[in-house]
Amino acid sequence: MEFFDVIRRRRSVRRFQNKPVPRELVEKLLQAAFLSPSSFNRRPWHFIVVDEREKLLALSKAKLGASGLATAPLAIVITADESRSDVWVEDSSIAAEHIQLAAFDLGLSSFWVQIRNRMHDERRTAEDYVRELLGIPENYRVLCIIGIGYPAENKPPHGDEVFEWDKVSLNRFGKPWK
Ligand SMILES: Cc1cc2nc3c(=O)[nH]c(=O)nc-3n(C[C@H](O)[C@H](O)[C@H](O)COP(=O)(O)O)c2cc1C
């Protein structure tokens, strides 16, 4: 698929077929993540592949907006060693998006579950919930979880309405590009 088709047709899918993702494809997704650029090439990330149903179910309860993980056969939890990079959020976000784009290119679908800055309940952060569940060390932060699988819903590609030309300036903020 052409790159532009991939980015135009990728949509967030939150319901998946009950069909495992082959290991070769999981490795491709991880390769896509490892091909990401990172600040000073510090590569602070660590990826946790989750394919156990019981753990996926527990992750689906991490916070509101994670429930799609209940049907996902696969999740990749994006974490990073905060002590290795002050811009671990940016580094990890790029890796997460590489995974989403590679997934779509490989015939899979995915969605992003935000964990950083989100709460599990009134008392516990979503990050602590995930940290405890997966045994993530203290110095590692949890950015997000990418839920992945074969789609059980069909979504149309993005239309031209996403091209918000009024959000583009030329040379000076507010001077229209178009
Ligand atoms: C930083 C970020 C956080 C997101 N958090 C969630 C989330 O917690 N749960 C969810 O279902 N989708 C989440 N999404 C997916 C967005 O809702 C989705 O990308 C957006 O609505 C656009 O739709 P599209 O992905 O189909 O283009 C998140 C996306 C981003 C980039």
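Each remark here, short or long, concerns the structure printed above.
Given the structure is predicted, the values throughout are model-derived calculations rather than measurements.

Trainee: Explain the side chain of Ser110 residue by residue, including any values.
Mentor: Checked against the element boundaries, Ser110 lands in strand β3 (residues 109–114). We classify Ser110 as buried; its relative accessible area is 2%. Of note is the side chain of Ser110, whose polar atom sits 3.0 Å from the side chain of Gln100.

Trainee: Outline unusual backbone geometry, listing residues and values.
Mentor: Across the chain, the bulk of peptide bonds are trans and the bulk of non-glycine residues have phi less than zero. Not every positive phi belongs to a glycine, and Phe40 is a case in point at roughly 55°. Structurally, Phe40 can be placed in the loop between α2 (23–34) and β1 (45–50). Even without a glycine there, the phi angle at Arg43 is positive, about 50°. Take Arg43: it is sitting in the loop between α2 and β1. A residue is classified by how much of its surface remains accessible, and Arg43, at 29% relative accessible area, is partly exposed.

Trainee: Before we move on, can you summarise the site of the ligand with the specific residues and values?
Mentor: Close contacts around the ligand come from Arg10, Arg11, Ser12, Arg14, Lys63, Gly65, Phe111, Trp112, Val113, Gln114 and His158, and that covers them all. Between the ligand and the protein, one listed contact pairs an oxygen atom with a side-chain N or O atom of Lys63 at 2.6 Å. Within the backbone of Gln114, a nitrogen or oxygen atom sits 3.1 Å from an oxygen atom of the ligand. Burial of the ligand by the protein chains amounts to 60% of its free accessible area of 620 Å².

Trainee: I'd like to hear about the environment of Arg8, residue by residue, with values.
Mentor: Structurally, Arg8 is set in helix α1 (residues 3–9). Measuring from C-alpha to C-alpha, the distance between Arg8 and Asp160 comes to 9.6 Å, with 152 residues separating the pair along the chain. Setting aside chain neighbours within four positions, we find Arg8 in contact with Pro157, His158, Gly159, Asp160 and Phe163.

The rules behind each value
- Residues numbered from 1 in each chain as written.
- Predicted model: local features only at pLDDT ≥ 70, side-chain atom pairs only at ≥ 80, totals over all residues.
- Heavy atoms only, no water.
- Helix = DSSP H or I, 4+ residues; strand = E, 2+ residues; numbered from the N terminus.
- Buried < 20%, exposed > 50% of the residue type's maximum accessible area, 1.4 Å probe, protein only.
- Polar contact = N/O pair within 3.5 Å; in protein donor to acceptor, adjacent residues only side chain to side chain.
- Near = heavy atom within 4 Å.
- Areas by Shrake-Rupley, 256 points an atom, 1.4 Å probe, with all protein chains shown as cover.
- Contact = heavy atoms within 4.5 Å.

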